[in-house]
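Letter by letter, the chains look like this.
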Amino acid sequence: MNTSATGGEPALAAQPFRIADATYEIVIVGGGTAGIAAATSLLARRPDLDIAIIDAADVHYYQPGWTMVGGGIFTPEETVRTMAAVMPAGVRWLKSHVAAFEPERHAVVLDDCRVVHYKQLIVCPGLKLDWDMIEGLSETLGRNGVTSNYQFQSAPRTWENVRALRSGRAIFTQPPMPIKCAGAPQKAMYLAADHWKKSGALNHIDIEFCNAGGVLFGVAAYVPALMEYIEAYGIQLRFNHNLVAVDGGARTATFVRTGADGAKDTVVKEFDMLHVVPPQTAPNFVRSSPLADAVGWVDVDPATLRHKSFENIFALGDVANTTNAKTAAAVRKQAPVVAHNVLAGLGKSADKRLHHYNGYGSCPLTVERGKIVLAEFLYGGKVAPTFPSWLIDGTRPSSLAWQLKQRVLPKLYWEGMLKGHEWLARLEQEH
Ligand SMILES: Cc1cc2nc3c(=O)[nH]c(=O)nc-3n(C[C@H](O)[C@H](O)[C@H](O)COP(=O)(O)OP(=O)(O)OC[C@H]3O[C@@H](n4cnc5c(N)ncnc54)[C@H](O)[C@@H]3O)c2cc1C
């Protein structure tokens, strides 16, 4: 039944799922970055596996491209493919939502109450962007100068707003951690500021970065280079400012500000342009499940990515409670580890030991059009560059790193990661 992960048409991909109950050797919840990468990494090792991917979405997004859409560099179309096009050949695609987990029964329940059983389960439905946690935001997103690179439809609005603004106040927000790609809120800001600088508008635009947290970037080694850009663009940093409401008509944004003594007050700011990054949580059906930790994320061992209570369940990608940067770059390294460990669990790997993920994540900070500060780090914020410093010094702005982001990483994603090639994915496999 199964063919290679890398070649051929997805023969079974679009077949509708009609059976009442079904059983698969491996079930993957979510066909995003992590789900497709894990499936193809599994098939690259054992092409004969019986795998089902459950995902109701019609399309698959390359979300790291949305920063470039918001900066006018990529078109939105470059960041999306149909789900059928990325579904690996030989995998059964169940076009449905998972509603609940029943780990004791080795089963997941779909939203129409059908039950799917598994021997090994991989959980990777990403995270929930909670737009509604900010009062008034959903009503005005995409209008009144309000935009967000965190949504496919809105990212092109960012570039339209940036080009239209010639004077006034532009506010960029960042919600409390954890969020996916923690650098993306400020990437949007730097690319906007760079455009305003080059078009002569910067002197007439006040830029504010309103961050719910207390630092510009979580890994200190990259902060000096970023601060040089903050100063060069004249950006005002407002730490401990958490966006709670937007009034699009009045063009005001309301923040809860936390003082050094912990006291909170409310600050209302007028804006001409507002780039919002929404609060982010684990999806509801994960939060309410036996797989969740105290705050809702899937509770896995940070090295093996195996669930702490259920031996035949793994999680990777944004939904896992690991402390790495929630990025596609992290998934690139996690997918081969999960693939191996699932096969070990099935007794289908000669190497019976569980492999370890070291927390690698990466954040290419687009500090100007043509230059990137390439943050790469492991658990604990340990700096971990892929390239020698004479080629790319991650702590300094680099035009080669920009070429990597613009030209290499999209290909690496579509043709490498999503096809089980595991380029730039090698880890020191500690056991
Ligand atoms: C603006 C922006 C910029 C970014 N920049 C970068 C960057 O520069 N570098 C980088 O490495 N990363 C970046 N990222 C982060 C990266 O895109 C994510 O970390 C990555 O996509 C996570 O993969 P995932 O599979 O966990 O989640 P996703 O790719 O979001 O996929 C989740 C999938 O699960 C499905 N799903 C959801 N609920 C259910 C359910 N109930 N049942 C079944 N399926 C379900 C969804 O339909 C979706 O297909 C960026 C993200 C954004 C938004």
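Notes on the structure follow. (Residues numbered from 1 in each chain as written. Predicted model: local features only at pLDDT ≥ 70, side-chain atom pairs only at ≥ 80, totals over all residues. Heavy atoms only, no water.)

Side note on the layout of surface pockets
Now for step 1: Estimated volume of the second largest pocket: approximately 580 Å³.
Now for step 2: If you go around the second largest pocket, you meet 34 residues; those closest to its centre are M177, A182, G218, T323 and A325.
Now for step 3: Here the lining of the second largest pocket is composed, by residue class, of 18 nonpolar, 15 polar and 1 charged. (1 Å grid on protein atoms, 1.4 Å probe; cavity = no way out; pocket = protein on both sides within 12 Å on 5 of 7 lines; lining within 4 Å. Points joined across faces, edges and corners; volume = space filled by probe spheres on them. Nonpolar A, V, L, I, M, F, W, Y, C, P; charged D, E, K, R; others polar.)

Examining empty space enclosed by the protein
Taking a probe equal in size to a water molecule and rolling it over the atoms shows the remaining empty space.
Now for step 1: Scanning the entire structure with this criterion turns up 2 cavities of 30 Å³ or more.
Now for step 2: By volume, the largest cavity amounts to about 60 Å³.
Now for step 3: What lines the largest cavity is A37, S41, V331, R332, A335, P336, G416, M417, G420, H421, E422 and A425.
Now for step 4: Those elements that provide at least two residues to the lining of the largest cavity are α1 (33-45) and α9 (328-346).
Now for step 5: In terms of residue count, the dominant contributor to the lining of the largest cavity is α9 (4 residues).
Now for step 6: Among the residues forming the lining of the largest cavity, the class breakdown is 6 nonpolar, 4 polar and 2 charged.
Now for step 7: Taken as a whole, the second largest cavity spans an internal volume of roughly 40 Å³.
Now for step 8: Forming the walls of the second largest cavity are I134, T173, Q174, P175, C210, H241, N242, L243, V277 and P279.
Now for step 9: Among the elements of the structure, β11 (168-174) and β14 (241-247) are those that each provide at least two residues to the lining of the second largest cavity.
Now for step 10: Per-element tally for the lining of the second largest cavity: the top contributor is β14, with 3 residues. (Helix = DSSP H or I, 4+ residues; strand = E, 2+ residues; numbered from the N terminus.)

Some words on the site of the ligand
Now for step 1: Around the ligand there are 34 residues in total, and A34, D55, K187, D318 and A329 lie nearest to it.
Now for step 2: The backbone of V98 places a nitrogen or oxygen atom 2.9 Å from a nitrogen atom of the ligand.
Now for step 3: For the ligand, the protein covers 90% of the area, taking 1000 Å² as the surface of the free molecule.
Now for step 4: Looking at the shell around the ligand, the elements with two or more residues in it are α1, α2 (66-70), α6 (184-198) and α9.
Now for step 5: Grouping the amino acids of the shell around the ligand by side-chain chemistry returns 16 nonpolar, 12 polar and 6 charged. (Near = heavy atom within 4 Å. Polar contact = N/O pair within 3.5 Å; in protein donor to acceptor, adjacent residues only side chain to side chain. Areas by Shrake-Rupley, 256 points an atom, 1.4 Å probe, with all protein chains shown as cover.)

Considerations on the packing of aromatic side chains
Now for step 1: For the coordinates displayed, the defined rule picks out 13 aromatic pairs.
Now for step 2: Here the aromatic rings of Y62 and Y413 are separated by 4.7 Å at their centres, their planes lie at 45°, and the arrangement is tilted. Here the residue Y62 occupies a position in the loop between β3 (59-61) and α2, and Y413 occupies one in helix α10 (residues 399-416), the gap between them amounting to 351 residues. Of the two residues examined, Y62 and Y413, each falls in the buried class.
Now for step 3: Seen in terms of ring centroids, F217 and F377 are 6.1 Å apart; in terms of plane orientation they differ by 80°. Their pairing is edge-to-face. In this pair, F217 sits in the loop between β12 (205-211) and α7 (223-233) while F377 sits in strand β21 (residues 371-377), placing the two residues 160 residues apart along the sequence. F377 shares its class with F217; the two are buried.
Now for step 4: Here a set of aromatic residues connected by ring pairs shows up, and it is made of Y61, W66 and F152.
Now for step 5: Here the basic side chain of K326 rests over the ring of W297, its NZ or CZ set 4.2 Å away from the ring centre. (Phe/Tyr/Trp six-rings, centres within 6.5 Å; stacked < 30°, edge-to-face > 60°. Buried < 20%, exposed > 50% of the residue type's maximum accessible area, 1.4 Å probe, protein only. Lys NZ or Arg CZ within 6 Å of the ring centre and 35° of its normal.)

Describing the packing of α1 against α9
To describe two helices that pack against each other, one gives the angle between their axes and the distance between the axes.
Now for step 1: Packing of α1 against α9 leaves a shortest axis separation of 8 Å and a crossing angle of 45°. Judged by the inter-axis angle, α1 sits oblique to α9. As for the relative orientation of α1 and α9, their crossing is right-handed in sense. In this structure, α1 contributes T33, A34, A37, A38, S41, L42 and R45 to the contact, and α9 contributes A328, V331, A335, P336, A339, H340, V342 and L343. (Axes fitted to C-alpha atoms, helices over the stretch in contact; angles between N-to-C directions. Parallel < 35°, antiparallel > 145°, perpendicular 65-115°, else oblique. Left-handed = near helix turned anticlockwise from the far one by under 90°. Contact = heavy atoms within 4.5 Å.)

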